[in-house]
Structures are given as structure tokens and as C-alpha cells.
Amino acid sequence: ISITVVAQKKSRHTPIIQKGWYLSFNPHSLLEPEQGAVGLGIGYRLSNRIELWTEMSYLYKGFFQDPGNFDNLHGIRSATSLKYYYYNKHGFFVGAEFRIKNYSFNDKNTFINIQTNDTLTDFQYKPSHTLIGGGVFWGKRFKLSANGKFELEGNIGIGVKQRIINRKNVPAGYTKIEFD
């Protein structure tokens with residue numbers, strides 16, 4: 001869900017979809033359970049049917065996290081999408097999206113060195129997570145104001161992602177013990 005502010009001329013019968021630049025804000029991202037996010041998006045309507053959009057957000061520890069988890073969490077998230085409006089009169093669209101997210105935090109875990117049979121218990125380290133993904137979605141944009149300057153957008157989709165974890169400050173030869 002995002003709220004869009006469209007910078008356009010005022011018109012009595014503004015269509016759902018207008019050409020030009022716009023800014024967007026995702027109020028739901030402030031309350032995401034794992035990582036809260038705050039950021040802005042910018043989009044450009046290339047034609048009556050095609051739109052490009054991108055958003056950059058700063059990530060922080062979510063409000064619903066256990067206080068002992070994800071200490072000192074911070075990072076960034078970027079999402080970019082291409083939308084095709086197949087039914088302009090009512091604001092229906094399909095689209096494709098690319099996302100990248102990078103965040104890190106302080107953590108403690110147990111590590112083992114198989115060569116020396118040594119174990120580090122409650123060892124403090126800093127995992128850095130990078131997620132790369134993409135997806136497709138379907139959605140609809142709704143007018144919130146009569147002049148079309150404020151809009152609400154909802155969508156649903158499916159995608160894939162890959163997570164890469166870099167565990168910093170872990171001595172050479174040690175691996176994290178995975179508990180099932």
C-alpha cells in the first residue's frame with residue numbers, strides 16, 4: 001500500500017491515472033514487524049499505460065521485535081518497478097519489480113572449528129544480510145481526492161529472493177552451529 005501525491009494541474013474530471021512525476025510514501029512500512037522502514041518513492045508516468053517507480057528506505061529494528069534480537073539493526077532497501085495500466089479508467093495494472101535489501105546487526109551465537117574441535121559459545125559477531133529478488137504483481141489505484149492529487153494503491157504478487165549472509169568478526173576456520 002502506498003499513498004501517492006501527484007503534481008498535476010487541477011481539473012474537474014481528473015482521470016484515475018495522470019501523466020507526470022509523483023512522490024509516494026508507504027505508511028505500512030513504519031510498522032513492519034522484522035525491520036521498520038522509512039523512505040520515499042518517486043515515479044514517472046511515461047505514457048497513459050506505462051509507469052516507472054522507485055523507492056529508497058532506511059531500515060531499523062521493528063517495533064514488534066524482541067528487545068534481545070537484532071541489536072543495533074540498520075540498513076537500506078530499494079525497490080524499483082515497471083507498471084502497465086491495462087484499464088486506465090479504473091486504475092488496474094500489472095507490473096514487475098526488482099528489490100535489493102542490505103542490513104546488519106549485532107548478534108551472539110555458537111561457532112565451532114572442526115579442525116581444532118574448539119567451540120565459541122555466545123560469541124559476538126555482526127551478520128550482514130543482502131537480499132536480492134524480483135516478482136510480478138497485479139493491482140489497482142484508487143482516488144482519495146476529487147482532483148486526483150492523492151491516491152491509494154493496493155497490489156498482490158509473487159516473487160523470489162536470494163539471501164547472502166556475511167558473518168563479520170568470526171575467526172577463520174569457525175562456522176556457525178545450526179540448530180534444527
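Check the entry above for the structure.
What counts and what doesn't
- Along each chain, numbering runs from 1 in the same order as the chain's sequence is written.
- Local features in this predicted model are restricted to residues of pLDDT 70 or higher, and side-chain atom pairs are both shown and tallied only at a pLDDT of 80 or more, whereas totals for entire chains, interfaces and linings draw on every residue.
- Where side-chain values are given, they derive from all heavy atoms of the structure, hydrogens and water being excluded.
- Any Lys or Arg side-chain nitrogen located within 4 Å of an Asp or Glu carboxyl oxygen qualifies as a salt bridge.
- Think of it this way: any DSSP run of H or I at least four residues long counts as a helix, any run of E at least two long counts as a strand, and we number them from the N terminus.
- Per-residue accessibility, obtained with a 1.4 Å probe over protein chains only, is compared with the maximum for each type, and a residue is labelled buried under 20%, exposed over 50%, and partly exposed between these values.
- Among buried residues, the Ala, Val, Leu, Ile, Met, Phe, Trp, Tyr and Cys ones that are joined through side-chain atoms within 4.5 Å form a nonpolar core.
- Residues are treated as being in contact if the distance between any of their heavy atoms lies within 4.5 Å.
- Here the positive residues are Lys and Arg and the negative ones are Asp and Glu; neither His nor the chain ends is included.
- Patch membership requires over 30% relative accessible area and the absence of a salt bridge. Like charges are linked within 9 Å, and nonpolar side chains (Val, Leu, Ile, Met, Phe, Trp, Tyr) within 5 Å.
- In these tables, accessible area is a Shrake-Rupley quantity obtained with a 1.4 Å probe, and a residue counts as shielded only by the protein chains included in the view.
- Here a polar contact means two N or O atoms within 3.5 Å. Within protein one must be a hydrogen donor candidate and the other an acceptor candidate, and residues neighboring in sequence count only if both atoms are side-chain atoms.
- Paired strands, as defined in this entry, are two strands with at least two bridges between them according to DSSP.

Asks: Residue-level account of the pattern of salt bridges, with values.
Replies: In the structure shown here, the tally under the stated rule is 6 salt bridges. Across the pair Lys83 and Glu51 runs a salt bridge, and its minimum N-O distance is 3.5 Å. Residue Lys83 is found in strand β5 (residues 71-87), and its partner Glu51 is found in strand β4 (residues 50-61); the two are separated by 32 residues along the sequence. Here Lys83 and Glu51 have matching classes, each one buried. For Arg99, the salt bridge identified is with Glu97, shortest N-O distance 2.7 Å. Classification of Arg99 as partly exposed rests on a relative accessible area of 34%. Using a relative accessible area of 21% as the deciding quantity, one classes Glu97 as partly exposed.

Asks: Before we move on, could you go through the nonpolar core and cite the residues and values that matter?
Replies: Ranked by size, the top nonpolar core spans 7 residues in total: Ala37, Leu59, Phe70, Leu73, Tyr103, Phe105 and Leu131. The contacts of Leu73, once residues within four sequence positions are left out, are Gln35, Leu59, Tyr60, Lys61, Tyr103, Ser104 and Phe105.

Asks: I'd like a description of the side chain of Lys140, backed by residues and values.
Replies: The topology assignment puts Lys140 in strand β7 (residues 118-143). We note that Lys140 is buried and unpaired, the nearest opposite charge coming from Glu151 at a distance of 9.9 Å. Residues in contact with Lys140, not counting those within four places in the same chain, are His90, Gly91, Phe92, Phe93, Leu152, Glu153 and Gly154.

Asks: Tell me about a nonpolar patch on the surface, and please be specific about residues and values.
Replies: A cluster of nonpolar residues, Leu46, Ile50, Leu52, Leu82, Tyr84, Tyr86, Tyr87, Val94, Trp138 and Ile156, forms a patch on the protein surface that exposes about 920 Å² of accessible area. Contributing elements (two or more residues each) for the nonpolar patch: β4 and β5. Residue contributions to the nonpolar patch peak at 4 residues, all from β5. Note on placement: Tyr84 falls in strand β5. For Tyr84, a relative accessible area of 39% puts it in the partly exposed group.

Asks: Provide a residue-level description of the side chain of Lys101, including the pertinent values.
Replies: Relative to the helices and strands, Lys101 resides in strand β6 (residues 92-113). Side-chain polar atoms of Lys101 contact the side chain of Gln35, separated by 2.9 Å. Residues within four places of Lys101 in sequence aside, it is in contact with Gln35, Leu59, Ile76, Arg77, His129, Thr130 and Leu131.

Asks: An account of the environment of Asn117 is needed here, citing residue identities and associated values.
Replies: Position of Asn117 among the secondary structure elements: in the loop between β6 and β7. In the structure, Asn117 is positioned 57 residues away from Tyr174 in sequence and 9.8 Å away in space, judged by C-alpha atoms.

Asks: Got a sec to walk through the pairing of β5? Specific residues and values, please.
Replies: Here 11 bridges tie β4 to β5, and the two strands are oriented antiparallel to one another. Bridging from a neighbouring strand, Trp53 pairs with Ser81 of β5. Pairing of β5 with β6, which is carried by 14 bridges, proceeds in the antiparallel orientation. Counted as the bridge partner of Tyr87 is Phe92 from β6. Hairpin remark: β5 followed by β6, antiparallel, with 4 residues in the connecting loop; positive phi at Gly91, about 75 degrees.

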